[in-house]
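Structural features, examined
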Amino acid sequence: MSLRTNGLPDQDQLTASRPSPQRLARGPVAIFECFERIPCNPCFDACPTGAVLPFADINDIPKVDFDLCTGCGNCIAACPGLAIFVVDETFSTGEALLKIPYEFSPLPERGETIQVLNRAGREVGQGKVVRIQKGRNKLATPLVWLTVPKGLAQEVRHLARYQ
Ligand code: SF4
Ligand code: SF4
């Protein structure tokens with residue numbers, strides 16, 4: 001598997017993009033699955049804490065100081081590549097909270113149980129919508145907050161609705 005052959009990152013890329021287990025155990029944190037050099041940097045401008053480090057070149061792949069990240073999700077709403085997710089593995093004993101960009105209409109509703117998908121678009125289980133976060137800017141991507149079984153926190157990256 002590779003981005004160039006089937007659009008999926010390989011395990012080395014995913015491992016490199018992931019915060020340490022110690023950081024994940026401290027609460028919500030952004031995970032940037034942005035692996036291609038492209039001229040793009042709105043995630044840097046959107047971050048209020050300086051967690052997205054300055055770009056030396058606009059084509060740089062973003063680098064994140066996870067210790068500065070609060071998991072606010074501002075960068076998700078600004079990212080045109082839908083490449084950023086927030087994961088909170090401390091949400092409850094058995095569940096993780098994910099914040100996922102979602103640009104389809106209609107948006108899911110709070111309390112809805114939905115099918116959740118992995119990076120390949122395959123259903124891997126069910127999640128529950130706990131909040132829809134819309135930005136003040138009309139162009140901002142809405143965020144779906146959903147809970148999933150904790151073991152799926154690093155696998156689920158999209159959701160499906162069949163209506
Ligand atoms: S989630 Fe918030 S604090 Fe973390 S990198 Fe994104 S904008 Fe910055
Ligand atoms: S805004 Fe998104 S696509 Fe653009 S550099 Fe940042 S993470 Fe990558």
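The sections below set out a description of the structure shown in this document. The structure displayed is predicted, hence computed values, not measured ones.

**Focus on the site of ligand 1**
Close contacts around ligand 1 come from 13 residues, with Cys-47, Cys-69, Cys-72, Gly-73 and Cys-75 the closest. Partitioned by chemical class, the residues of the shell around ligand 1 number 8 nonpolar, 5 polar and no charged.

**A look at the nonpolar core**
Side chains that are nonpolar tend, in soluble globular proteins, to be buried together. Ranked by size, the top nonpolar core spans 24 residues in total, and within it Ala-30, Phe-32, Cys-43, Val-52, Cys-75, Ile-76 and Ile-84 carry the most contacts. Residue assignment for this core shows that the elements contributing at least two residues are strand E1 (29-32), helix H5 (74-78), strand E2 (84-88) and strand E6 (143-149). Ignoring sequence-local partners within four residues, the contact set of Ala-30 consists of Pro-19, Phe-66, Cys-69, Cys-75, Ile-84, Phe-85 and Val-86. One finds Leu-98, Tyr-102, Val-129 and Val-148 within the second-largest nonpolar core, a separate group that totals 17 residues.

**Considerations on the side chain of Asp-88**
As for its position among the elements, Asp-88 is in strand E2. Buried and unpaired, Asp-88 has Arg-23 as its nearest opposite-charge partner, separated by 7.5 Å. Here the side chain of Asp-88 touches Thr-90 through a polar contact of 2.5 Å, side chain to side chain. Once residues lying within four places of it in the same chain are set aside, the contact partners of Asp-88 are Gly-27, Pro-28, Ala-96 and Leu-97.

**Some words on the site of ligand 2**
Neighbouring ligand 2 are the residues Phe-32, Cys-34, Cys-40, Pro-42, Cys-43, Pro-62, Cys-79, Pro-80 and Ile-84. Class assignment of the residues belonging to the shell around ligand 2 gives a composition of 9 nonpolar, no polar and no charged.

**Here we look at the side chain of Gln-133**
Within the secondary structure layout, Gln-133 lies in strand E5 (residues 123-133). On the basis of relative accessible area, Gln-133 is assigned to the buried category, the value being 18%. Side chain to side chain, Gln-133 and Trp-145 meet in a polar contact 2.8 Å long. Setting aside its immediate chain neighbours within four residues, Gln-133 contacts Cys-72, Pro-142, Leu-143 and Trp-145.

**So, unusual backbone geometry**
With an omega dihedral of 0°, the bond running from Ser-105 to Pro-106 counts as a cis peptide bond. Here Pro-106 is to be found in the loop between strand E3 (95-101) and strand E4 (113-117). Unlike most non-glycine residues, Leu-82 shows phi in positive territory, near 50°. Structurally, the position occupied by Leu-82 is in the loop between H5 and E2.

Reading the values: the criteria
Along each chain, numbering runs from 1 in the same order as the chain's sequence is written. In the order they appear in the text, chains get letters beginning with A and ligands get numbers beginning with 1. Under the rules for a predicted model, residues below a pLDDT of 70 receive no local features and side-chain atom pairs below 80 are neither given nor counted, while totals for whole chains, interfaces and linings still include all residues. Based on all heavy atoms of the structure, the side-chain values leave hydrogens and waters out of the count. Only a single heavy atom is needed: when it lies within 4 Å of a molecule or strand, its residue is near that molecule or strand. All amino acids are sorted into three groups, where Ala, Val, Leu, Ile, Met, Phe, Trp, Tyr, Cys and Pro are nonpolar, Asp, Glu, Lys and Arg are charged, and the leftover types, Gly among them, are polar. In plain words, nonpolar cores are sets of buried Ala, Val, Leu, Ile, Met, Phe, Trp, Tyr and Cys residues tied together by side-chain atoms within 4.5 Å. For the exposure calls, accessible area comes from a 1.4 Å probe over protein chains only, and a residue counts as buried if that area is under 20% of its type's maximum, exposed if over 50%, partly exposed in between. Helix numbering and strand numbering both begin at the N terminus, where a helix is a DSSP run of H or I of at least 4 residues and a strand a DSSP run of E of at least 2. We call two residues contacting when some pair of their heavy atoms lies within 4.5 Å. In this charge count, Lys and Arg are treated as positive and Asp and Glu as negative; neither His nor the chain ends contribute. Criterion for a salt bridge: a side-chain nitrogen of Lys or Arg within 4 Å of a carboxyl oxygen of Asp or Glu. Polar contacts here mean pairs of N or O atoms no more than 3.5 Å apart (in protein, one a potential hydrogen donor and the other a potential acceptor; neighbouring residues in sequence count only if both atoms are side-chain atoms).

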